[in-house]
Amino acid sequence: MAKKVKGKSGARDDEARIKQSKKESRARAKAAEKVRRKAERKAAKAIQLAAEETAQKLVQCARASAESISRIQASRSVEGAWDLHSHSVFSDGSKTVDELIAEARAAGLARIAITDHDTLAQLSYVRERSRELGFPVLAGTEVSAHNPATGRKVHILAFGLEATPDGSGPLERLVAQTLFDRTANSLWQAWVLKCAGAEFSGHTISLDEVVAVAGESKGVYKQHIMEALTRRPQTDPDYRFCYQCLFKGDGVAAHDIASPVAADAVRAVREQGGVPVLAHPGQMDSWDAVPELVEAGLMGIEAFHPDHGPQDTARAFELAGRFGLFVTGGSDYHGKYGDSPAMGTCFVMPDEAGERVEELFRIEKGLR
């Protein structure tokens, strides 16, 4: 059978239809692209408005929280308050346990905590003096640690602990290495300064003098070195200048030690029967560690601290509410070895600390 052959007019018609079809396809694609772009602009604008609205709400909430905390702080009084963070001669403080208790009484505080660094060896003595002097004291410790995700330091206050006869408890084993390393590092720093001929107002340093200054401390700290060298309080401008030159940046004694992982420290506190509290998160910017620490067993957070502003305090309260933590507060008093001028410089009120901290004091009565 013979095939039909299109004429010229038929071919032209087909070509016209193809062109028309392509034209219509391009028109539809262009229209679709226009609709898509309009939708994207609309969505982007909606997202931007939502983000701005959320940001405004967050700012408003932060301001409201800060204003609320400021109002609370303005009406707070040291009389009857609790200072739950201080250091004695057993670590890097210049005051004895008896002196801390006497200063707390004079300030009008009702209760305190003595939380010397990385040791449990002093706990029984602190409890003994507390009972003999008739003043409620939480005998605790402050554990040096770090957040491996950021490299920043994290400090954990620990309460409700007892030391074991042979130092074999989980937390004791963890802090023993820190204390050993810190003492070795401090003695090395003192030796380096002696070899370098470091002096302050014509006075040079000796290792014997540093050890004598450390006295009852369970370790040797930079504060002991600076006391032996300067005989000035930490708040003295010349002390600060000397400290920065020797121990910071390119200073001849600028060297620090390693510390445990913060989550491990929290777990060790819990394993030894204690109650872990995140210390001064605003000072060390350790906020981002909170979720992991809660998972490890964190139970409290320090809201009131000399280095915390109203926003830090508000943030601590917000995290406490979100994760079911109790709040504490304290002066972080080190006597002349620190910036805080006195016991009671910073504190927590009984109603702010709540029943869970009240329970710690009840437990304390039965601890050795």
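The structure displayed is predicted, hence computed values, not measured ones.

Let's talk about the confidence of the model for the protein chain
Part 1: Put simply, the protein chain has an average pLDDT of 91, and 90% of its residues get 70 or more.
Part 2: Least confident of the elements in the protein chain is helix α1 (residues 8-74), whose mean pLDDT is 69; most confident is strand β7 (residues 275-278), at 99.

Focus: the nonpolar core
Part 1: Core analysis: the biggest nonpolar cluster contains 65 residues, and Leu 84, Ile 112, Leu 171, Leu 278, Leu 293 and Ile 301 have the highest contact counts within it.
Part 2: Top contributing element to this core by residue count: helix α8 (residues 262-271), with six residues.
Part 3: If we ignore the near neighbours within four places in the chain, the residues touching Ile 112 are Asp 83, Leu 84, Leu 100, Ile 101, Ala 104, Phe 135, Pro 136, Val 137, Leu 138, Met 343 and Phe 361.
Part 4: Ala 190, Tyr 243, Leu 246 and Ala 253 belong to the second largest nonpolar core, which has 20 residues in total.

Side note on unusual backbone geometry
Part 1: Phi at His 280 is positive, roughly 25 degrees, even though this residue is not glycine.
Part 2: By the secondary structure assignment, His 280 is in the loop between β7 and α9 (281-284).
Part 3: Here the phi dihedral of Asp 332 falls at roughly 55 degrees; this positive angle occurs in a residue that is not glycine.
Part 4: As for its placement among the helices and strands, Asp 332 is situated in the loop between β9 (326-329) and α12 (350-353).

As for the packing of aromatic side chains
Part 1: The tally for this structure, following the rule as stated, stands at four aromatic pairs.
Part 2: Ring centres 5.6 Å apart and planes at 75 degrees place the aromatic pair Phe 90 and Tyr 125 in the edge-to-face group. Taken together, the residues span a long stretch of sequence, with Phe 90 in the loop between β1 (82-83) and α2 (97-107) and Tyr 125 in helix α3 (residues 123-133) at a distance of 35 residues.
Part 3: In this structure Tyr 125 comes out as partly exposed when scored by relative accessible area, which is 36%.
Part 4: Here Phe 304 and Phe 317 contribute two aromatic rings whose centre-to-centre distance is 5.7 Å and whose plane-to-plane angle is 75 degrees, an arrangement assigned as edge-to-face. Of the two residues, Phe 304 sits in strand β8 (residues 300-304) while Phe 317 sits in helix α11 (residues 310-323), which places them 13 residues apart along the sequence.
Part 5: For Phe 317, a relative accessible area of 29% puts it in the partly exposed group.
Part 6: Across from the ring centre of Phe 304, 3.9 Å away, lies the NZ or CZ of Arg 76, which sits over that ring.
Part 7: It is Arg 111 that lies over the ring of Phe 361; its NZ or CZ is 4.5 Å from the centre.

Some words on the pattern of salt bridges
Part 1: This structure, assessed with the given rule, holds 21 salt bridges.
Part 2: The shortest N-O distance in the salt bridge between Glu 103 and Lys 95 comes to 3.2 Å.
Part 3: Residue Glu 103 is classed as partly exposed on the basis of its relative accessible area of 21%.
Part 4: Relative accessible area serves as the criterion here: at 23%, Lys 95 is assigned to the partly exposed category.
Part 5: The network of salt bridges with common partners includes Glu 209, Glu 227, Arg 231 and Lys 336.

Focus on the packing of helix α4 (residues 170-195) against helix α5 (residues 207-214)
Part 1: Between α4 and α5, the shortest axis-to-axis distance is 9 Å and the interhelical angle comes to 145 degrees. Crossing handedness for the pair α4 and α5: right-handed. Between α4, through Leu 187, Ala 190, Trp 191 and Lys 194, and α5, the contact on the second element is made entirely by Leu 207, Val 210 and Val 211.
Part 2: Here the contact of α4 with α5 is composed, by residue class, of six nonpolar, no polar and one charged.

Concerning the layout of surface pockets
Part 1: Considered as a void within the structure, the largest pocket measures approximately 1,200 Å³ in volume.
Part 2: What lines the largest pocket is a set of 44 residues, among which Asp 92, Lys 153, Lys 222, Gln 223 and Tyr 243 lie closest to the centre.
Part 3: Sorting the residues of the lining of the largest pocket by element identifies β3 (137-146), β4 (153-159), α4, α6 (222-230), α7 (237-247) and α9 as the ones contributing at least two each.
Part 4: Top contributing element to the lining of the largest pocket by residue count: α7, with five residues.
Part 5: Of the residues that constitute the lining of the largest pocket, the class distribution is 11 nonpolar, 22 polar and 11 charged.

Some points on a positive patch on the surface
Part 1: Together, Lys 30, Lys 34, Lys 38, Arg 41 and Lys 42 make up a region of like positive charge exposed at the surface.
Part 2: Structurally, the position occupied by Lys 38 is in helix α1.

Quick word on the pairing of strand β2 (residues 111-117)
Part 1: By the criterion of burial, β2 is predominantly enclosed, with seven of the seven residues buried.
Part 2: The alternating pattern of β2 places Arg 111, Ala 113, Thr 115 and His 117 and Ile 112, Ile 114 and Asp 116 on opposite faces, both of which are buried.
Part 3: Both β1 and β2 contribute to a ladder of two bridges, which runs parallel. What sits directly across from Asp 83, in β2, is Ile 112.
Part 4: Where the polypeptide runs from β1 across α2 and back to β2, its parallel neighbour, the crossover connection is right-handed.
Part 5: With six bridges connecting them, β2 and β3 associate as parallel partners. Across the sheet, Asp 116 pairs through a bridge with Thr 141, a residue of β3.

Definitions and limits used
Just so you know, the residues in each chain are numbered from 1, in the order the chain's sequence is written. Side-chain atom pairs in this predicted model are given and counted only at pLDDT of 80 or more, local residue features only at pLDDT of at least 70, and totals for whole chains, interfaces and linings cover all residues. To get the side-chain values, take all heavy atoms of the structure and skip hydrogens and water. Scored from 0 to 100, pLDDT records how confident the predictor is in each individual residue. Counting from the N terminus, the helices are the DSSP runs of H or I reaching at least four residues and the strands are the DSSP runs of E reaching at least two. To form a nonpolar core, buried Ala, Val, Leu, Ile, Met, Phe, Trp, Tyr and Cys residues must be joined to one another through side-chain atoms within 4.5 Å. The buried label goes to any residue with under 20% of its type's maximum accessible area, the exposed label to any with over 50%, and the partly exposed label to all in between, with areas taken from a 1.4 Å probe on protein chains only. The contact criterion used throughout is that any non-hydrogen atoms of two residues lie within 4.5 Å. Between 30 and 60 degrees the pair is tilted, below 30 it is stacked and above 60 it is edge-to-face, where a pair is any two Phe, Tyr or Trp rings, Trp via its six-membered ring, whose centres lie within 6.5 Å. Either the NZ atom of lysine or the CZ atom of arginine qualifies as a charge over a ring when it sits within 6 Å of the ring centre and within 35 degrees of the ring normal. Should a side-chain nitrogen of Lys or Arg be within 4 Å of a carboxyl oxygen of Asp or Glu, the pair is scored as a salt bridge. Note on method: axes are straight lines fitted to C-alpha atoms, helices fitted across the in-contact stretch only, with angles between N-to-C directions ranging 0 to 180 degrees. The handedness criterion is simple: a crossing whose near helix is rotated anticlockwise from the far helix by less than a right angle is left-handed, and one whose near helix is rotated clockwise is right-handed. Throughout, the ten residues Ala, Val, Leu, Ile, Met, Phe, Trp, Tyr, Cys and Pro are labelled nonpolar, Asp, Glu, Lys and Arg are labelled charged, and all others, Gly among them, are labelled polar. Using a 1 Å grid laid over the protein atoms alone, points where a 1.4 Å probe fits but cannot get out form a cavity; open sets with protein on both sides within 12 Å along at least 5 of 7 lines form a pocket; any residue with an atom within 4 Å of a point counts as lining. Grid points are joined across faces, edges and corners, and a volume is the space filled by probe spheres set on the points. The patches reported here contain residues having more than 30% relative accessible area and no salt bridge. Joining distances are 9 Å for like charges and 5 Å for nonpolar side chains (Val, Leu, Ile, Met, Phe, Trp, Tyr). Computed with the Shrake-Rupley method and a 1.4 Å probe, the accessible areas treat only the protein chains shown as cover for residues. Positive charge is attributed to Lys and Arg, negative charge to Asp and Glu, and no charge count is given to His or to the chain ends. Throughout, a charge is located at the NZ atom of Lys, the CZ atom of Arg, the CG atom of Asp or the CD atom of Glu. A strand pair is defined by DSSP finding two or more bridges across the two strands. Handedness of a crossover is defined as follows: orient the strands so they point away from the viewer, and if the path from the first strand over the helix to the second runs clockwise, the crossover is right-handed.

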